[in-house]
Amino acid sequence: MAPKLSLRDAVVRRRGTEVLRVESLDVHEGEVLGVIGPNGAGKTTLLQVMSLLERPAQGEVLYDGIRVRGRELSLRRRMALMMQDPLLLRRSVAENVAIGMRMRGVPPSERKARIDRWLARFDVAHLAQRSARKISGGEAHRVSLARAFALEPELLLLDEPFAALDQPTRETLLDELAGALGETGLTTVFVTHDRSEALRLGERVAVIVDGRIRQIGATAEVFATPADEDVASLVGAETIVAGKRVASADGIASVRVGEHVINGLARDGLPEDVLVVLRPEDVTLMKPDEHRPESSARNHLHGTITRVTLLGYQARVSIDCGFPLFALITKQSLEEMGLAAGQEIAATFKAHAVHLIARGPNEGGPAPGDVCD
Amino acid sequence: MDLIWDGLREAAHILRTGDNSIWAITLRSLLVSGSAVLISLVLGILGGAFLAFKDFRGRNIVLSLVNTGMGLPPVVVGLMVAIVLWRSGPLGHFRLIYTPAAMVIAQTVIAAPIVTGFTAAALRHLDPRLRTQLYALGASRPQMLWIVLWETKLPLMAAVMAGFGGAISEVGASMMVGGNLTGETRVLTTAVMLEVSRGDFALAMALSIILLVLIFAVNAVLTGVQQQEKM
C-alpha cells in the first residue's frame, strides 16, 4: 500500500535561500510520526508543505501515491492542521468546532453529533455556547483539538500544539491527545522541539536540523543510536565528546578521551575519530570514598561536580572529568548523597550506554579539557 | 439669540406639520448616500482585502494614495466627476451630469477610499496565521475572505459609519454634479445651503436637524451592534 503522504526531493526556498530540502519522507497509514528539531530548523515549513499550504519550489508531494499538483482544496479537506496557537474565531466554542466541517460540507445533523462527541471527549462540552474569547488558554487548546478531530481527517498534522502551555496543562493534554490518537488510529505527524513529547507520542521520529532530515527511524532506535552530534544533542544525549578509537575487541571499542579510556559497543565500519555520546540518565554516581561494588559497568570515571541543577523531582549534575559529563539523578538521591558543586565524585556507566558516532570533518564535540557549565 | 429660538420653533413646526417636499429630499439623501455607501463597501472591501493580503511592489504607495483619498476635499471630487461627466467630457454621452446617479458617483469617490483604508487597516491587524489556519481547516479563498471579514466586522462597521458620514454630509460635490435641482437632485445638504442663502434659517435648521438625526440613527444602530458583538 502506498504511504499516505510522501515527499520526494522537496525543496522550499524563501527569498532565494533554501530553507528545506527533503530527499525522501513517507508518512504511513495509521502511524504517528514525530518530527523534532530546534527552532528555525524548518519543522513548520515541512508541515506547511505536508498540509499542501505551501508548494515546494522543486520536488513533489504524493498523497496516497498520487502526485499533488498544487494547493488542491479537495486534498486539503482530507487533512487537518492544528497550529501552536488555537486561533479561535470571535464566535461560540461550538461554532468554532463547526466551522471547518461547514466548509467541508458536513451535513448539520452530522456536525452537531461530532461537535457534541469531540467537545465531550476533550472535556469542554460545558463551554459549547461560551464565547471562544472568554475561555482559558488550556480550554482553547482543548477546543482546538476538538475542532481538528471533529473533521475526522485522514491525516492529522500538529505543529507544536502545546508549546505555549504550562507544564502540568501540557502533560494532561498530551495524555488526552495520546488517548484520542490511540482510539482513532489517525495517521498523524506531530512536530515538536520537545523530545519528551516525541518519545511519548511518536512511533517513528524524524530529526530535522538546518532544513534537512538528519535521521528518521523508530523512536527508540533514534534516541538510542543518534546518527550525528546534532541529533544526539536533540534526543537528549548531553555528554557528547570527541575521542580516538584505540582498540576494538570482543565487541567492545575502547576510545581515548583525554586521559580516560571509555568503552562502548563496537560496530562495523567505525573509524578512528569518533564522538562518544552518552545520555545523562545512563550515568550512575557514587561517592569516591565508597567501596566500589563489583559491577558489570565497564566505565568508571572520577571528576569534580561543577554544578547541580534541580529539575523538579530530578537533578542534573555536571561533572568535570577532564571533559564535561552529565548525570541525571533523582532529587532523593541528591539529598541522600548530599551532592554539591566542588565535591569529588565517581561516575559509572555501561558500555551499552555509550553510543559511538563517526566524527565528521566539522564535528568536534567538546574537546577533552573543556569545562562543563 | 432670538434668531436661534425662532428658528428652532419654526423648524419644530415644519417637522411636525411634515411638508412632503422635505421628506422627498430626505428620502433622496438616503437613497443617494446609501447607494454610494453600498457601492463603496463592495469596492472598499475587495480593495482593502487586496491591499492587506497581497504583497506587491508599490503596495505602500497605493496605501498612501488610499489614505490620502480618505481626506479628499468634496469640492475637488465634485470638480473631477463634473469634468468626466460633463456633456463634452469622456463620459458625457451617458448624460449623467445633474442626475442623482452623478451624485452617487461623486459620493462613492468620497466614501470608497474611506472604506478601503479602514478595511485594509482592520485586515492587516488580524493575526496572519489565522488565514493559514482557515485554509488548513479547508477554506476556499472566498470562504477564507468571508470569515476574516466577519471576524473584523467591528472595525468594518466603523468603516461603514465613516463612509456614510462622509457621503451624506458632503455638499460641494453634490452641488457641482447634481446642480441642486428641485425635485430631482436636491438633497439635505444642498437644500440647507440654498435656504441659508435665501435667509430662511428656520427651514435650513429643520433640514439640518433631519440630517443630524439621520446620521445619529445610523451610527446608533451600528454602535449598538458593535457593542453587542463585543460582549
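Residues numbered from 1 in each chain as written. Chains lettered and ligands numbered in written order. Predicted model: local features only at pLDDT ≥ 70, side-chain atom pairs only at ≥ 80, totals over all residues.

Attention shifts here to the overall build of chain A. What chain A contains, in helices and strands, is 10 helices and 20 strands. Taking the principal axes of the C-alpha coordinates as reference, chain A spans close to 75 × 45 × 35 Å. Looking at chain A alone, contacts between residues at least 24 apart form 67% of all its contacts between residues at least 6 apart. (Helix = DSSP H or I, 4+ residues; strand = E, 2+ residues; numbered from the N terminus. Contact = placed C-beta atoms within 7 Å.)

This part is about the overall build of chain B. Helix and strand counts for chain B come out as 11 helices and zero strands. Going from the N terminus to the C terminus, chain B shows its helices and strands as α-α-α-α-α-α-α-α-α-α-α. Along the longest, intermediate and shortest principal axes, the C-alpha atoms of chain B span 65 × 50 × 25 Å. Within the span of chain B, comprising 231 residues, buried residues form 39% of the whole. (Buried ≥ 20, exposed ≤ 12 C-beta atoms within 10 Å, placed from the backbone.)

Residues and elements named next belong to chain B. Following both chains from N to C, one finds helix H4 (residues 74–85) and helix H5 (residues 100–125) inclined at 135 degrees, their axes separated by 9 Å at the closest point. Classified by the angle between their axes, H4 and H5 sit oblique to one another. Relative to H5, the crossing made by H4 is right-handed. Contacts between H4 and H5 pair Pro74, Val77, Gly78, Val81 and Leu85 from the former with Ala102, Ile105, Ala106, Val109 and Ile110 from the latter. (Axes fitted to C-alpha atoms, helices over the stretch in contact; angles between N-to-C directions. Parallel < 35°, antiparallel > 145°, perpendicular 65-115°, else oblique. Left-handed = near helix turned anticlockwise from the far one by under 90°.)

This part is about helix H8 (residues 153–169) of chain B. In this model, H8(B) (17 residues) spans 24 Å end to end at C-alpha, consistent with the 24 Å of a helix rising 1.5 Å per residue. Taken together, the buried positions of H8(B) are occupied by B:Leu156, B:Ala159, B:Val160, B:Met161, B:Gly163, B:Phe164, B:Gly166, B:Ala167 and B:Ile168. (Expected span 1.5 Å × (residues − 1).)

Since one α-helical turn is 3.6 residues long, residues separated by three or four positions face the same way. For H4(B), spanning 12 residues, the distance from its first C-alpha to its last is 16 Å, which sits close to the expected 16 Å at 1.5 Å a residue. Summarising the contacts, the buried residues of H4(B) are in contact with H5 and helix H9 (172–178) of chain B.

Residue and element names in this part refer to chain A. Read from one edge to the other, the open sheet built from five strands follows the order E15-E19-E16-E17-E18, with strand pairing classed as antiparallel. Two strands bound the open sheet, and with one partner strand each, they are strand E15 (284–286) and strand E18 (324–330). The sheet shows a mean angle of 45 degrees between the axes of neighbouring strands, taken without regard to direction. Bridge count for E15 against strand E19 (residues 344–349) is three bridges, and the pairing is antiparallel. (Pairing = 2+ DSSP bridges.)

So, about the environment of B:Arg59. All names here are of chain B. One can find arginine 59 in helix H3 (residues 59–69). The exposure class assigned to arginine 59 is partly exposed, which follows from the 14 C-beta atoms found within 10 Å. Along the chain, arginine 59 and leucine 211 lie 152 residues apart, while their C-alpha atoms are 37 Å from each other.

Interpretation of the predicted coordinates at a detailed level should be avoided for regions scoring low in pLDDT. Looking at chain B as a whole, the pLDDT averages 90, with 98% of positions reaching at least 70. Interface confidence for the predicted complex, expressed as ipTM, amounts to 0.79; the pTM equals 0.79. (pLDDT = per-residue confidence, 0-100.)

Interface size is often expressed as the accessible area that is lost when the parts come together. As assigned here, chain A comprises domain 1 (5–224) and domain 2 (237–358). Put simply, the middle of domain 1 of chain A and the middle of domain 2 of chain A, counted by C-alpha atoms, are 38 Å apart. (Domains from an automatic or database assignment.)

Across the boundary between the two partners, chain A contributes 15 residues, which contact 14 residues of chain B. At the level of secondary structure, the elements contributing two or more residues to the side of chain A that touches chain B comprise helix H2 (73–76) and helix H3 (93–103) of chain A. Its residues assigned to classes, the side of chain A that touches chain B shows eight nonpolar, two polar and five charged. (Nonpolar A, V, L, I, M, F, W, Y, C, P; charged D, E, K, R; others polar.)

As paired strands, strand E1 (residues 5–14) of chain A and strand E4 (residues 58–63) of chain A are joined by five bridges and run antiparallel to one another. Opposite A:Arg8, over in E4(A), you have A:Glu60 as the bridge partner.

All names here are of chain A. An order of E13-E12-E11-E14-E20 is seen for the five strands of this open sheet, with the pairing classed as antiparallel. In the strand order of this sheet, the two ends are held by strand E13 (260–265) and strand E20 (355–358), each with one partner. Strand after strand, the sheet turns through a mean of 45 degrees between neighbouring axes, direction not considered. By the bridge criterion, four bridges tie strand E14 (residues 273–278) to E20 in an arrangement that is antiparallel. Bridging across to E20, valine 277 finds its partner in histidine 355.

Our focus in this paragraph is the confidence of the model for chain A. Of the residues in chain A, 96% have a pLDDT of 70 or more, and the chain-wide mean is 90. Below pLDDT 50 for its whole length, residues 368–373 of chain A participates in 19 contacts with residues either more than four positions away or in separate chains.

Here we come to the environment of A:Ser51. For A:Ser51, the position within the fold is in the loop between helix H1 (43–50) and E4. Considered as a pair, A:Ser51 and A:Ala351 are 300 residues apart in the sequence and their alpha carbons are 43 Å apart. In this structure A:Ser51 touches A:Arg76, A:Met79, A:Leu81, A:Leu157 and B:Ala136, once residues within four positions along its chain are discounted.

All names here are of chain A. For leucine 52, which is not glycine, the phi torsion reads 65 degrees and is therefore positive. On the secondary structure map, leucine 52 appears in the loop between H1 and E4. Judged by the 22 C-beta atoms lying within 10 Å of it, leucine 52 is buried. Positive phi values are uncommon outside glycine, yet aspartate 210 reaches one of about 50 degrees. Within the fold, aspartate 210 resides in the loop between strand E9 (204–209) and strand E10 (212–218).

Moving on, we get to the pairing of strand E12 (residues 252–257) of chain A. Residues and elements named next belong to chain A. Of the two faces of E12, the one lined by Ala253, Val255 and Val257 is fully buried and the one lined by Ile252, Ser254 and Arg256 carries no buried residue. Both strand E11 (residues 239–249) and E12 contribute to a ladder of five bridges, which runs antiparallel. Across the sheet, residue alanine 247 finds its bridge partner in E12, namely serine 254. Counted along the chain from E11 to the antiparallel partner E12, the turn is two residues long, and its residue aspartate 250 has a positive phi close to 50 degrees.

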